[in-house]
Number of protein chains: 2
Amino acid sequence: MTERKLEINPLNTIPIGQIHIRDRFWDRYIHLVKDVLIPYQWDILNDRIEGVETSHCIQNFKIAAGEAEGEFEGAVFQDTDAAKWLEAVAYTLEVWPDKDLERLADETIQLLGKAQCEDGYLNTYFTIKAPSLRWTNLKEGHELYTAGHMIEAAVAYYEATGKKEFLHIMERFADLICRVFGPGEGKCHGYPGHQEIELALIRLYRVTGRKDYLELAKYFIDQRGTGENYFLAEEKNSRYRQIFPEFAGYDTKYSQSHLPVREQKTAEGHAVRAVYMYCAMADLAGLYQDEELLRVCETIWKDMTERRMYITGSIGSSGILERFTTDYDLPNSGNYSETCASIGLALFGKRMAQLTRDASYMDVAERALYNTVLSGIAQDGKSFFYVNPLEVWPDNCMERTSKEHVKPVRQTWFGVACCPPNIARTLASMGQYMYFTDGKALYVNLYISNQTVLELAGEKVSVEMDSDLTNSGRIEIRLGRDEGAEPYSLALRIPNYVKDYKILRDGEAVAAAGSRSVQNEEAQEVRIEKGYLYIEGIREKETELVIEFHVPAEFVRANPRVREDSGKVALVKGPLVYCLEETDNGSNLPAVFADTDQEPVERYEEGLLGGVTVISFKGKRLTEDAWKDGALYAGRKNRFEDAELRAVPYHCWNNRGAGEMLVWMKELL
Amino acid sequence: MTERKLEINPLNTIPIGQIHIRDRFWDRYIHLVKDVLIPYQWDILNDRIEGVETSHCIQNFKIAAGEAEGEFEGAVFQDTDAAKWLEAVAYTLEVWPDKDLERLADETIQLLGKAQCEDGYLNTYFTIKAPSLRWTNLKEGHELYTAGHMIEAAVAYYEATGKKEFLHIMERFADLICRVFGPGEGKCHGYPGHQEIELALIRLYRVTGRKDYLELAKYFIDQRGTGENYFLAEEKNSRYRQIFPEFAGYDTKYSQSHLPVREQKTAEGHAVRAVYMYCAMADLAGLYQDEELLRVCETIWKDMTERRMYITGSIGSSGILERFTTDYDLPNSGNYSETCASIGLALFGKRMAQLTRDASYMDVAERALYNTVLSGIAQDGKSFFYVNPLEVWPDNCMERTSKEHVKPVRQTWFGVACCPPNIARTLASMGQYMYFTDGKALYVNLYISNQTVLELAGEKVSVEMDSDLTNSGRIEIRLGRDEGAEPYSLALRIPNYVKDYKILRDGEAVAAAGSRSVQNEEAQEVRIEKGYLYIEGIREKETELVIEFHVPAEFVRANPRVREDSGKVALVKGPLVYCLEETDNGSNLPAVFADTDQEPVERYEEGLLGGVTVISFKGKRLTEDAWKDGALYAGRKNRFEDAELRAVPYHCWNNRGAGEMLVWMKELL
């Protein structure tokens, strides 16, 4: 036997408490978490907001804890709202300590503890409503999914505060789950109907060192889709009770249980389920040095991001069941493109970048974060998109039609409230995406202004970044440390949208490139590998880097296999996808044709949408002159008029009232 | 008070038994009815076809008749399959008498009689399964809808055979319905959840002269949508039982009960329900000289056909609930466009033309019949489309996605089998659309080769038409009669797609026109009014007309308000809409751009699809040359290659295996 060299050596993230973001682009969103989202969502969890769908979430815990009387209300996974709130609170406390908020969280955690059953079980739906039906409907019951979010929150809270109460509560539940599930005889050989606990158990393993949690996560992944499908089998059990009638005639692809995970080659089924599972697969590939699993992740990633992803970094083409369809099937106006799915996509991409040191994964993660995740939340933090179409005509987003899932304006809150708290925890933990490190090198992924302190080459290094990525593309990074014994390195992600760039180190050019190929490598230490530009051997106490990314507005096209987009262009600038809004461009946006022979003009507008770079360009618009008689179809020539068009970043659409929106514009050919 | 002149003077149709169609285009479809559809559907109704969803239809009648044991199976409206079969049989017998078929029909009718309850009630679902729930769920129960189809069949069978047994059965049921429903105290003030009985009661009135049937039809129309919505009210009744869970949260627009009928201005809700109702409204407008109702019909017709109709004469833009959406919302690939809705559209258009003598209604009816209705059936008569999209990419017509209703190939039979028997009865009764008469004039609507004898100006007139409308556009009409005492007239519909034309009467030009305005009116008797060209004062024993319609292949465009179609063209020739199929043009049809500056070339191909005129034209096709690296989005230029394209008539798509299909093509601008 030849000895096999283990090559998977994942990079680490930096604790988010060490990263202090102060960024012109991101601040307005990140500050929403503490100032608006957390208090607002707390009020919702406690049913204190008028005109918003009842949550009953905290009340359910009180009933389960014996502190209140009443019936369970809400979805089967209602508990996750509290979990995601606590997780967002944890990240917030890690960055901005706040005694009052911590006290509120502590009290909530105590309530959770009281709602926990003697044997460790914690789920208010089953505890209150159907105690005899525990684990009888893994397909729809969401018990493991809910447990997963609880565990993630507990780990985050422990990492933020050092307090162990919540962690212990969830360890007790995880212990129960380890007793119930697994390969042993007499155990349940099922796996979650909605993946999430897998990645959560891995996080729990990382903070507790408890190998059985890791092994159960691996079991859930390896068991999935093997033999007779578990979900179809459990339906035949006499104790099985259907929860969601729309799941009748279950398609096993929906939950990625149609094939053993290692045989899967395409992104299938419900998009959020899929990406949460892929995250755990990536984690396991690293922890078990499992190259086969890593190859599976790479194959699925390629299918998902090169054939089934929108330019906005969103996934899930089907409005029905929020799922993937087929390669290159990317309709712009009836898609689901759930906010949570883009969050999961970013989480998966981050993990793949950590495993492979390949910056292209972060190109996708960044695209998802800057566009779809931010599109999910209004600039006032009080309304949200679940569905993120690339083309909206408000008039036809009607209830009880094919567009009933598309909302032309953000909604205040939802019965199934997964996205708003998911956005909150993502914004509160943006730090996790920004840097990686292997102890010697600092990998810079996202160019978001921040101040960070971390250890590199055995010494504390301070990082100060000022970034104007979304406008001029200029970024300054100041690095400092006390001693200079051991050199450290920097690995700067060169985003795939950067046309050319120049990097100055203490005033001297160290690298410049056109179209990603390095043309000038005067300094020996500079090399590019898989999208990261490495500057090695940094010994100075103070180093200043100036990065000049050329990120002009650019018309891009889709692969001609994307039937919906052929003959069309989208406008991008750096990580941002742009769109036309009716308020700027009038109605009937699909009648607009962009003139791509003329250069678009950029202008930063301080007063618009909190400050955005607007892109103006020329085009033509089909007129109705020849159709004044109201005819619907006729052998008439097209008549055009000149149009001056204005595009704004996609993520901030629908912050100026309802109206049409369009990403993919027709092109004058 | 000023006296009001009554102006509604509807034209009559000619009994279809007097019209013998022998037409190169239509024969292959019409002969399917007798040779294939009727025997095939009979086998299905009796569950004799392997691999086809069980019908149980005749078995249900046997159980209700006490001739068999068992439970009811099938949909709540399963009886209509037998009704539509009998109706198709009736029309067939009227044209082609057949003793064996008539005997089979008589036996079936006897069975229906035995299944009828003592009080006249006839509906096997409620009789077998829920006798105590009669009339408690008008919204979903389909009792009145089913009765309507039964009545239509009974009327047709009486008209075809002169036999009264079926008619008497249905009169007994109609009498019961008249006792149960109506304005009187103690009667039910409801109306059907699915319209159909209104137009059927009017047909029953026409053959029986029973005014109470007509009055009940009028009651159902006038009562609809008034006061508290009946369907929402009946839900509160303790005897109410929901049948279709998907109707929870009922939208009253779905059944056009959101407003009193006379206040409706737009085509709303489920398309088939809508058009069946409009048919009854048109009938009532004529029978009651109700100008207000006629104006309502005109307004809704305009909305439906000028803002909510596909170029193929189909309606119902939403894949969910088979319904209308909003003006100009006409997506090509996720629409419903049910075959039955186009049948209803043709029925409504025919009635409007009869009422108004305006040929434009027949332009729409013809478009529906030649395209969507025929698309509904395979050329072998054994498989059917319910859904008639204008753009199909088979790969993404997946179960449990937004395209799940779209089938890329025709289906053998359906659980809800409304369309196949509806196509059968329509093909068997094409004669009803072809001619109208007021006793003195013969209105020629459709140019389908036939031999007909009718009475005009008090005398028998024979009509012999040879039509090549769908190819050369040349039509010959030979008229003959014995005496010539009183003159009669002809009213020839000049279709809206005719570019110019020439009409010769016994070798001499009587009319010629460019773009529908008459330029040459040598013969005094010739005038054009509302799309009909009138030739009056025909006294000759024999007259021959030669009509030369110029019907070249033509690129047409949609009103720019149709967002889905801007920048695109469709190809039409005469009444036929054309499409691209993958088998002729390769895959990825949306990457094709038509060059509309070059003339399309027509060629009749005898061996193709039973003989069709193929249209060839030039265009460009986006190539994948620049995308060999598999990138999904990039700032690359478009690259095109020349393409030679071939279009075939839309109605015969998918008769050469599965593949892509496209009606609206991108245009090189």
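Now for a description of the structure that goes with this document. (Residues numbered from 1 in each chain as written. Chains lettered and ligands numbered in written order. Predicted model: local features only at pLDDT ≥ 70, side-chain atom pairs only at ≥ 80, totals over all residues. Heavy atoms only, no water.)

With respect to the interface of chain B and chain A
Stated precisely, the cut-off is as follows: We call two residues in contact when some of their heavy atoms are within 4.5 Å. The buried area of a pairing is the accessible area, by a 1.4 Å probe, that goes missing from both parts when the two are put together, added over both. Whenever Lys or Arg places a side-chain nitrogen within 4 Å of a carboxyl oxygen from Asp or Glu, that contact is recorded as a salt bridge. Within 3.5 Å is the distance limit for a polar contact, defined as a pair of N or O atoms, with the added protein rule that one can donate a hydrogen and the other accept it, and that residues adjacent in sequence qualify only through two side-chain atoms. By the criteria applied, helices consist of DSSP H or I runs no shorter than four residues and strands consist of E runs no shorter than two, each listed in order from the N terminus. The residue classification treats Ala, Val, Leu, Ile, Met, Phe, Trp, Tyr, Cys and Pro as nonpolar and Asp, Glu, Lys and Arg as charged. All others, Gly included, are polar. DSSP calls a pair of strands paired once it identifies at least 2 bridges connecting them.
Counting residues at the interface gives 68 residues for chain B and 68 residues for chain A. Interface area for chain B against chain A, summed over the two sides, is near 5700 Å², with a carbon-plus-sulfur share of 53%. Among the residues of chain B in contact with chain A, B:R400, B:R563 and B:Y633 are the three that bury the most area, contributing 16% of the side total. The tally of links between chain B and chain A comes to four salt bridges. In this structure, A:E624 and B:R561 form a salt bridge, with 2.8 Å as the shortest nitrogen-oxygen distance. Taken together, the links from chain B to chain A amount to 37 residue pairs in polar contact (both at pLDDT 80 or more). Only helix 13 (291–307), strand 16 (554–558), strand 22 (633–634) and strand 25 (665–667) of chain B provide two or more residues apiece to the side of chain B that touches chain A. The greatest single-element share of the side of chain B that touches chain A, amounting to five residues, is contributed by strand 16 of chain B. Looking at the side of chain B that touches chain A residue by residue, the class counts come to 27 nonpolar, 18 polar and 23 charged. Relative to strand 22 of chain B, strand 16 (residues 554–558) of chain A runs antiparallel, the two sharing two bridges.

Remarks on the packing of aromatic side chains
For any two aromatic rings, the description comes down to two numbers: the centre-to-centre distance and the angle of the planes. Our working definition: Working definition: a ring pair exists when centres of Phe, Tyr or Trp rings (six-membered ring for Trp) sit within 6.5 Å. Plane angles under 30 degrees give stacked, over 60 give edge-to-face, the rest tilted. Partly exposed residues are those whose accessible area sits between 20% and 50% of the maximum for their type, while under 20% is buried and over 50% is exposed, using a 1.4 Å probe and protein chains only. Should the NZ of a Lys or the CZ of an Arg lie within 6 Å of a ring centre and within 35 degrees of the ring normal, that charge is described as sitting over the ring.
Applying the stated criterion to the full structure yields 62 aromatic pairs over all chains. Seen in terms of ring centroids, B:Y125 and B:F126 are 4.9 Å apart; in terms of plane orientation they differ by 80 degrees. Their pairing is edge-to-face. Residues B:Y125 and B:F126 agree in their burial class; the two are buried. In textbook terms, an aromatic cluster arises when at least three aromatic residues are bridged by ring pairs, as seen for A:Y121, A:W135, A:F173, A:F181, A:Y219 and A:F220. Over the ring of B:F25 we find B:R28; its NZ or CZ atom is 5.7 Å from the centre of that ring.

Digging into the packing of helix 3 (residues 79–95) of chain B against helix 7 (residues 143–161) of chain B
Residue and element names in this part refer to chain B. For clarity, the threshold we go by: Helix axes are fitted only over the stretch in contact, all axes being lines through C-alpha atoms; the angle between N-to-C directions runs from 0 to 180 degrees. Throughout this description, any angle smaller than 35 degrees is read as roughly parallel, any larger than 145 degrees as roughly antiparallel, any in the 65 to 115 degree range as roughly perpendicular, and the remainder as oblique. By convention the crossing between two helices is left-handed if the near helix lies anticlockwise of the far one by an angle smaller than a right angle, and right-handed if it lies clockwise.
The contact between helix 3 and helix 7 brings their axes to 8 Å, and the two run at 20 degrees. Between helix 3 and helix 7, the interaxial angle falls into the category roughly parallel. In this structure, helix 3 crosses over helix 7, and the sense of that crossing is left-handed. Counted together, D79, T80, A83, K84, L86, E87, A90, Y91, L93 and E94 of helix 3 and Y145, T146, H149, M150, E152, A153, A156, Y157, E159, A160 and T161 of helix 7 form the full contact between these two elements. In the contact of helix 3 with helix 7, the residues fall into 11 nonpolar, four polar and six charged.

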